[in-house]
Amino acid sequence: MQSSLFQAARQVTKHNGRTFLGSMQTCGYATHDDVDLVVIGSGPGGYVGAIKASQLGMKTVCIEKNATLGGTCLNVGCIPSKALLNNSHYFHMAKSGDLANRGIECGDVKLNLEKMMGEKTKAVGALTGGIKMLFKGNKVTHLEGHGKITGPNQVSVLGPDGEVTEVVNTKNIMIATGSEVTPFPGIDVDEETIVSSTGALSLKEVPEKMIIIGAGVIGVELGSVWARLGTQVTAVEFMGHVGGMGIDMDISKQFQRIMTKQGLKFKLNTKVTAAKKEGGKITVTVESVKDGKVENMEADVLLVCVGRRPYTQGLGLEELGIEMDNRGRVPVNSRFQSVLPNVYAIGDCIAGPMLAHKAEDEGIIAAEGMMGGPVHIDYNCVPSVVYTHPELAWVGKNEEDLKSEGIEFNVGKFPFAANSRAKCNNETDGLVKILGDKKTDRLLGAHIIGPGAGEMINEAALAMEYGASCEDIARVCHAHPTCSEAFREANLAAWSGKAINNM
């Protein structure tokens, strides 16, 4: 970070024709006054909320503790993992003989892991740098340091040494600090052989064996990457299914079968009780939840993927009287206001799914609400995606939800094996499963395993936002040949009882 003296002397930015200066104070740090909104955190929720606020005419400052913008998602989460998932899939197609079966002979296929990691880094750099340009173009002031709320209308910026470098006086504050990896009791992560998702994205070599604690979204995605590159991967999961919370159990079983066919191994209903390093290896002790049977497993790398927890410590919330719930989240009302009406919170640090796109929506809506706009979000219409190959995606209710709520429903299914485009591409694993209200035919949930599921699920989310029926979707003309025709056919089956292109 630049020195306080230099920051105090420089012009920070110009906003809407007004000069925004960091003025020198006798206390030795720069101050910024007449700010409408300070956003703490520049992840998907924070940077999007900051840009929207500025577009609405608010004088906006965004404080980020890391050297690059974008938060976990862009730096050590969504973006780098998708780069590795994409490129490892290409390697697997060449190495496994898939390309040869398609008439593309590559000869001796070799992995250059350093170069693959370089492509990941290049993608991250381009996108984080892109946010910097977006801030500049939208006149959002970026301050680097740890943001701490030091008053109802004041945020201080702390340097690496914990000393205050700048103070911002503001009308509103938006907490968008995201989340951090949840530690596993008794297991110390060194990000080399015992790693979190962060370390798993930057391994220096392909391990022979990897054990993953947790078979949720992150565990299965990263397990897929390393399995494709040649690692023997075993995921140990406390629950009795893979895919994490919210997944339809029927879909989960099919997803597990596909992943097992690709080489991943799963130990379900099993808990990890200990892990220790021995002679360059890691010995992991696991215990069956059902019968208590204990087993020792050996691996070169242990990946801890037991979830994430809100990053809300050290923000000065307790001193302001803002109490966290039992999971460390900031309680907010429907307008994302905390107990202090001018202090808002969004994203992973409040209740709801920890998803980047959910945080983005909340950032936009919270900013609009500050300006008197309507505030509405339907969390039932927030999609979830697992970026394996094939992809897995869902939105709305699953069968278990509907049964527990006593809602009668129809089920429509259509396999990609009966879809012409999937057949042409030789990507026929998976299906589309649709749940429609038995009385009204309204689309209640969509669950997809298959090619492009992460793109296709957005059609379902749009339909649900507008209250569409399964018949509505079935009567919409879909281009041929496309994989999305399977989505139409599944809706046709849910509405009328029968698809066209499947027996």
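So, a few notes on the structure that sits alongside this text. (Residues numbered from 1 in each chain as written. Predicted model: local features only at pLDDT ≥ 70, side-chain atom pairs only at ≥ 80, totals over all residues. Heavy atoms only, no water.)

Let's talk about the packing of helix α4 (residues 78–95) against helix α6 (residues 113–137)
Just so we agree on the cut-off: Note on geometry: axes are lines fitted to C-alpha atoms, helical ones only across the stretch in contact, with angles between N-to-C directions running from 0 to 180 degrees. Helix numbers and strand numbers start at the N terminus; a helix is a DSSP run of H or I with at least 4 residues, a strand a run of E with at least 2. Left-handed describes a crossing whose near helix is turned anticlockwise from the far helix through less than a right angle; right-handed describes the clockwise counterpart. When checking whether two residues touch, look at their non-hydrogen atoms; a contact exists if any pair is within 4.5 Å. All amino acids are sorted into three groups, where Ala, Val, Leu, Ile, Met, Phe, Trp, Tyr, Cys and Pro are nonpolar, Asp, Glu, Lys and Arg are charged, and the leftover types, Gly among them, are polar.
α6 packs onto α4 with a crossing angle of 145° between their chain directions and a minimal axis gap of 9 Å. Where α4 crosses over α6, the handedness of that crossing is right-handed. Taking contact as the criterion, the partners of Ile 79, Pro 80, Ala 83, Leu 84, Asn 87, Ser 88 and Phe 91 in α4 are, on α6, Met 116, Met 117, Glu 119, Lys 120, Val 124 and Leu 127. Classifying every residue of the contact of α4 with α6 by side-chain character gives nine nonpolar, two polar and two charged.

Quick look at the pattern of salt bridges
For clarity, the cut-off: Note on definitions: salt bridges are taken to be side-chain nitrogens of Lys or Arg within 4 Å of carboxyl oxygens of Asp or Glu. For each residue, the accessible area found with a 1.4 Å probe, counting protein chains only, is set against the maximum for its type, and the residue is called buried under 20%, exposed over 50%, and partly exposed in between.
Counted by the stated rule, this structure contains 20 salt bridges. Of the charged contacts, one joins Arg 309 and Glu 180 as a salt bridge, the two residues approaching to 3.0 Å between their closest N and O atoms. Residue Arg 309 is found in strand β19 (residues 308–310), and its partner Glu 180 is found in strand β10 (residues 179–181); the two are separated by 129 residues along the sequence. Among the residues examined, Glu 180 registers a relative accessible area of 26% and is labelled partly exposed. A salt bridge links Glu 471 to Arg 475, with the shortest nitrogen-to-oxygen separation between them at 2.8 Å. Note on Arg 475: relative accessible area 57%, which makes it exposed. If you follow the salt bridges from partner to partner, you end up with Asp 248, Asp 250, Glu 399, Lys 403, Lys 413 and Lys 433 in one network.

What to know about the packing of α4 against helix α8 (residues 217–228)
As a packed pair, α4 and α8 sit with axes 9 Å apart at the nearest point and diverge in direction by 35°. For the crossing formed where α4 meets α8, the hand is left-handed. Facing Ser 81, Lys 82, Leu 84, Leu 85, Ser 88, His 89, Phe 91 and His 92 of α4, the residues of α8 in contact are Glu 221, Leu 222, Ser 224, Val 225 and Arg 228. Here the residues of the contact of α4 with α8 are counted per class, giving five nonpolar, five polar and three charged.

Describing α8
Defined as follows: A helix is expected to span 1.5 Å multiplied by its residue count minus one.
With twelve residues, α8 extends 17 Å between its outermost C-alpha atoms, agreeing within 8% with the 16 Å of an ideal straight helix rising 1.5 Å per residue. For α8, the buried fraction is high: ten of the twelve residues fall into the buried class. Listing the buried residues of α8 in full gives Gly 219, Val 220, Glu 221, Leu 222, Gly 223, Ser 224, Val 225, Trp 226, Ala 227 and Arg 228. Trailing α8 by a residue or two, Gly 230 shows a phi angle of about 115°, which is positive.

All we've got here are geometric facts, nothing functional implied.
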